[in-house]
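What follows is each chain in one-letter form.
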Amino acid sequence: METGNLVAKVIVDVPAKDTDRTFDYLIPDSMRPWIEPGSRVAVPFGKRTVQAFVISVVPADDPPKYRMRAIQELLDLVPPLSGDLVELGKWMSERYACNQIMALQVMIPTALKGKAERYISIAEQHELTHPQRTIQPNQGDELEWALLTDDGMSDPTERRIVSFIQEKEQVPLQQLSRRFPEEAEVIKSLLRRGVLQESQVIKDKLGKKTMKSVDLAIGIDEASTALEQFSTKAQRQREVLAFLLERSEFLPLSLKEVMTSLSVSAATVKALEDKGYVLLEDVEVFRDPYRGRHFKPTEPLPLTVEQQSVYERIIRQLDTREQGAYLLHGVTGSGKTEIYLQTIQRCIKQNRQAIVLVPEISLTPQMVERFKGRFGDQVAVMHSRLSGGERYDEWRKIREGRVKVAIGARSAVFAPFRELGLIIMDEEHETSYKQEETPKYHARDVAIRRAHQHGAVVILGSATPSLESYYAARSQSNDEFAPLLLEMPTRALGNTLPEVHIMDMREELRAGNRSMFSRALHNGIAERLERKEQTVLLLNRRGHSTFVMCRSCGYVAGCPHCDISLTYHQRSNNLRCHYCGYSEPVPQTCPECGSEHIRYFGTGTQRVEEELAKLFPGIRVVRMDVDTTTEKNAHEKLLKQFRDKKADVLLGTQMVAKGLDFPDVTLVGVITADSALNLPDFRAAEKTFQLLTQVAGRAGRHQLPGEVFVQSYTPEHYSVIHASRHDYASFVREELKHRRNLHYPPYCRLILVTFSHEQLPVLVRLAENYSATLQGRARQRGWFGNMDRLTSDVLDILGPVASPISRIKNRYRFQCMIKWRGNIDAISLAQQVADEMAESAQAQKLLISLDVDPQMLM
DNA sequence: AGCACGCCGACT
DNA sequence: GTCGGCGTGCTC
């Protein structure tokens, strides 16, 4: 059959608006069987070579409509993406208003982010293999004789450079310019004249790790014979051969292992290879971050009646192989994890794979242990603490079908499984599922979308579901993606939820207690010390960081380029800006008033630790915060220390609240329950409720009953009260009322539009212009502007106002908030108006960024 | 994003 | 006079 040329439509790795579309390239015949949607290729793009992803393969137009270039290179034998992920990328680009390339890039490990490396080599016709030397008079007044080749290279510098390159065949441009730093002009001229040529190769950030392996090159019988006839002189070689025979069933062995076991050198083995007895090969090894660790195998636990009915409901759906979504609302300790495990088991039995998403912070060894214990090496784990190489290897295990389960944070939702059957999202309400950088996607929405593509089941699990999910599940709107609500109101082990006491700190103050501990919490800790039980103390300080302030005049050290206070870093003992990286030493005296009373404030955990030491001499405290968990595995070490009862108190920020499960913890204290309530965030109450509920669930999970003390300055607040009663339903009822009145999600959706520009007046004018234009367009389309109106299609735009951080890197920032609801195309209109503005000449240097369904409003 | 082309200020 | 500043336009 005569087939015409094939063309690959690709998205190039150039994140710009102009290039956010497909480009067409001819597929060379040799690559034809390999190129498919999701392949990663190198293509010539203008003067450069760039990386690109194949979106589709189509027959070429005949005759071609325009000049077309060919794909230069195929970068992976197994495509890093697949057709469905490419499609998901397209959906993300629309949903989150980002370039397609950004959406595709976020799906693959950074190790594969290839960049062009430029190599210089000698053009073939200029090879100096047989330089024909001629002597000619040089141009000029004086008669000077110069050495010339047929290249016409008269300059000795040129000759030096050319022979340097010739020796190595090709030299990375970078290396060449380092070697000849002064001769850039000469090199340029040689390139111009065609003596040298440049080639560009896409090079990945990281290669595969390989290991030398030893295998028998001959059959076992043959080897045995060879062994008998072995020369007595080569005793060491004989040993090696005998060793290999002995372990023939484990071949190939690693060279290292052979060398250490027999204490022979590599040369000995090499000699055997030369004789043709053994084979030395480079085999790929997977860097396994959990290698050498033993996970205690676990068997499925018997389910309670409650668990059983939930489990059956889910697997019934799983068995249909059609997409379905469930919101599993189960109190802390209701045994959600066991349901996850057994559902996964079912999924594996169907020959499908499962993804487990957990918030980064709760991806603790305990969590990993439970999954590795049940599914062993069928599990790949991905989290931010892994090195780039480790993450790459875990990802490859998934792509190559070597594992059946992927467990990881947000980005694991893109795990490249072929037959995805199940996606589990634990702690569904966690904000870390929203990526704050472009592409600003929400893993929950991506998960549901992806499940739809695969006919897979999604389980969203939480003790405190987000209002968005809960509302969607409860109202069972006609949204086909709305999850079905499943409730598990009782604890699996039958023990009761701990008693929660609210301590009114205003009253403590009135009673003359100026300490950070209420009298009741103080007594509680003392009792635990006596009974040799453990205490977890939580300091809720969301939205604060360690800053330097003068106690005399109130001066706070701020960044000169950004409108933000500088953060104190203990390790380097300096102040740093979180946004631009600016740093300066810690001032000894106040730059404003000269006072010496200038100190750092904020972290608080240190102060709590000091206070504990003062009140309870000899108390052993494990402090867990950003300062103590920066180094690798610190998290794990600290927890182990606490688990082994080498400490009485675990003191920390947010990170102690999640998923930890210690049998001897009978007291949980929250030192400042409501510090998040005052933040300008419509989710403040929800966040506070979630945190208090989570932390309350840490106590008394086993035989010993637990007690929780919550210290608050606003003890009458409904989030504090309902959390103390473990009453999610009442909290939701009250919170939904507020959301409805104030027109916040889940009663509408939000888009945060941020503008930035170097000049404030220009910025304000442009931001206002945007707001007005969008408003006008929305009206034209018949979308109403008043949220109060009882109509479905509404778009309201608030602002512009200065952003909470009004300047970053010397660029001023303003923002608008779009509220919308109904079956309208609000996202694409908001994006379209932004694009139009960016095109206009007066708006040059203006940056506009959209955040669809923002989690952080600051 | 790069990289080229193209048109105006401070220097050998 | 030229080196080089960065505006602007394009990439199958």
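Predicted, not measured: the structure shown is a model, and the values here were computed from it. (Residues numbered from 1 in each chain as written. Chains lettered and ligands numbered in written order. Predicted model: local features only at pLDDT ≥ 70, side-chain atom pairs only at ≥ 80, totals over all residues. Heavy atoms only, no water.)

## So, the nonpolar core
Which entries qualify depends on this criterion: Definition used in this section: a nonpolar core is a set of buried Ala, Val, Leu, Ile, Met, Phe, Trp, Tyr and Cys residues joined via side-chain atoms within 4.5 Å. When a residue's accessible area, from a 1.4 Å probe over protein chains only, is under 20% of the maximum for its type it is buried; when over 50% it is exposed; and in between it is partly exposed. Any two residues whose heavy atoms approach within 4.5 Å are treated as being in contact.
Formed by 115 residues in total, the largest nonpolar core has its most connected members in Y770 and I818. Once you skip the residues sitting within four places of it in the chain, Y770 turns out to touch V753, F755, I797, I818, A830, V833, A834, M837 and L850.

## Side note on the packing of helix α6 (residues 220-228) against helix α7 (residues 235-246)
Where we set the bar: The convention used is that axes are lines fitted to C-alpha atoms, helices contributing only their stretch in contact, and that angles between N-to-C directions extend from 0 to 180 degrees. By the criteria applied, helices consist of DSSP H or I runs no shorter than four residues and strands consist of E runs no shorter than two, each listed in order from the N terminus. Each angle is binned into one of four classes, with values under 35 degrees roughly parallel, values over 145 roughly antiparallel, values of 65 to 115 roughly perpendicular, and all other values oblique. In this scheme, a crossing is called left-handed if the near helix is turned counterclockwise away from the far one by less than a right angle; it is called right-handed if the turn is clockwise. Residues are grouped as follows: Ala, Val, Leu, Ile, Met, Phe, Trp, Tyr, Cys and Pro are nonpolar; Asp, Glu, Lys and Arg are charged; every other residue, Gly included, is polar.
Viewed as axis vectors pointing N to C, α6 and α7 meet at an angle of 150°, and their least axial separation amounts to 10 Å. Taken together, the axes of α6 and α7 lie roughly antiparallel to each other. Here the hand of the crossing between α6 and α7 comes out left-handed. Seen from α6, the contacting residues are I220, A223, S224, A226, L227 and E228; seen from α7, they are R238, L241, A242 and L245. Broken down by class, the residue content of the contact of α6 with α7 amounts to seven nonpolar, one polar and two charged.

## Re the protein's contact with DNA strand B
Note the threshold: It suffices for a single heavy atom of a residue to lie within 4 Å of a molecule or strand for the residue to be listed as near it. Contacts described as polar in this section are N or O atom pairs within 3.5 Å, which, within protein, must combine one atom able to donate a hydrogen with one able to accept it, while residues neighboring in sequence count only if both atoms come from side chains.
Taken together, the neighbourhood of DNA strand B is formed by V14, P15, A16, K47, R48 and R118. At the protein interface, 59% of the atoms of DNA strand B within 4 Å belong to sugar or phosphate. In this structure, R48 approaches DNA strand B through a side-chain N or O atom, which is 3.0 Å from a phosphate oxygen.

## Points about the sheet that holds strand β25 (residues 567-569)
For the record, the criterion: Strand pairing requires that DSSP identify at least two bridges connecting the strands.
In space, the three strands of this open sheet follow the order β25-β26-β27, with antiparallel pairing throughout. In this open sheet, the two edge strands, each paired with only one partner strand, are β25 and β27 (583-585). The sheet shows a mean angle of 30° between the axes of neighbouring strands, direction not considered. In terms of strand pairing, strand β26 (residues 574-576) meets β27 through three bridges, oriented antiparallel. Within β27, the position partnered with R576 by the bridge is S583.

## Some words on the protein's contact with DNA strand C
For DNA strand C, the set of nearby residues contains 13 residues, the closest of which are D24, Y25, G46, Y66 and R69. A share of 46% is what sugar and phosphate atoms reach among the atoms of DNA strand C within 4 Å of the protein. Between DNA strand C and the protein, one listed contact pairs a phosphate oxygen with a backbone N or O atom of P44 at 3.2 Å. Note that a phosphate oxygen of DNA strand C is positioned 3.2 Å from one of the side-chain N or O atoms of R67. Broken down by secondary-structure element, the contributors of at least two residues to the surface near DNA strand C are β2 (23-26) and β3 (40-45). Its residues placed into classes, the surface near DNA strand C shows six nonpolar, two polar and five charged.

## What about unusual backbone geometry?
In this structure, the amide linkage connecting P745 to the following residue, P746, adopts the cis form with an omega of 10°. Secondary-structure assignment places P746 in the loop between α22 (728-742) and β33 (749-757). Residue P800 is bonded to the preceding G799 through a cis peptide linkage, with omega at 15°. Within the secondary structure layout, P800 lies in strand β34 (residues 794-808). The phi torsion at A97 lies on the positive side, around 50°, for a residue other than glycine.

## Points about the sheet that holds β2
Taken in spatial order, the six strands line up as β5-β2-β1-β4-β3-β6 in an open sheet, and their pairing is mixed. The open sheet has two edge strands, β5 (69-70) and β6 (73-74), and neither has a second partner. Pairing of β2 with β5 involves two bridges; the strand directions are parallel. Paired with Y25 across the strands is R69, a residue of β5.

## Section: the environment of A684
When you line up the elements, A684 lands in helix α20 (residues 684-696). Each C-alpha atom of the pair A684 and V548 lies 26 Å from the other, and the pair is 136 residues apart in sequence. Among all residues touching A684, those that are not within four sequence positions of it are A676, L677 and L679.

## Concerning the pattern of salt bridges
Let me state the cut-off plainly: Any Lys or Arg side-chain nitrogen located within 4 Å of an Asp or Glu carboxyl oxygen qualifies as a salt bridge.
According to the stated counting rule, one finds 39 salt bridges in the structure shown. The salt bridge involving E239 is made with R236; its shortest N-O contact spans 3.1 Å. Remark: R236 and E239 occur in helix α7; sequence separation between them is three residues, near one turn of the helix. By relative accessible area, E239 is classed as partly exposed at 29%. Judged by relative accessible area, R236 falls into the partly exposed class, the value being 36%. Within this structure, E527, R528, R531, E533 and E707 form a network of salt bridges that share partners.

## As for the pairing of strand β31 (residues 665-670)
In terms of burial, β31 is largely enclosed, as six of its six residues are buried. Note: strand β23 (residues 534-538) against β31, five bridges, orientation parallel. Considered in β31, the bridge of L537 is made with G669. Alignment of β31 against strand β32 (residues 707-712), held across four bridges, turns out to be parallel.

## Quick look at the UniProt feature "binding site: Zn(2+) 1" (unreviewed entry) in chain A
Defined as follows: UniProt positions are given in the numbering used here, feature names are shortened, and annotations may be inferred rather than shown by experiment.
Mapped onto the present numbering, the UniProt feature "binding site: Zn(2+) 1" (unreviewed entry) falls on C550, C553, C590 and C593. Judged by maximum C-alpha separation, these annotated positions cover 44 residues in sequence but sit close together in space, the widest gap being only 8.7 Å. In this fold, C550 is placed in strand β24 (residues 547-550). A relative accessible area of 1% places C550 in the buried class. Looking at the secondary structure, you find C553 in the loop between β24 and β25. The exposure class assigned to C553 is partly exposed, which follows from its relative accessible area of 41%.

## Overview of the packing of aromatic side chains
Short version of the rule: The aromatic pairing rule takes the rings of Phe, Tyr and Trp, using the six-membered ring of Trp, and pairs them if the centres are within 6.5 Å, calling planes under 30 degrees apart stacked, those over 60 edge-to-face and the rest tilted. In our convention, an over-ring charge means Lys NZ or Arg CZ found within 6 Å of a ring centre and within 35 degrees of that ring's normal.
Under the definition given, this model contains eleven aromatic pairs. With a centroid separation of 5.0 Å and 85° between ring planes, the pair formed by F23 and F45 is classed as edge-to-face. Of this pair, F23 sits in strand β2 while F45 sits in strand β3; the two residues are 22 residues apart in sequence, bridging distant segments of the chain. Taken as a pair, F23 and F45 share a single burial class, namely buried. Aromatic side chains F755 and Y770 sit 5.1 Å apart centroid to centroid with 65° between the ring planes, which places their arrangement in the edge-to-face category. With F755 in strand β33 and Y770 in helix α23 (residues 760-780), this residue pair connects regions lying 15 residues apart in the sequence. One aromatic cluster is present, formed by Y470, F689, Y718, Y728 and F731 through successive ring pairs. Geometry around Y392 places R396 over its ring, the cationic atom sitting 4.9 Å from the centre. The cationic tip of K819 hangs over the ring face of Y744; the distance from NZ or CZ to the ring centre is 4.1 Å.

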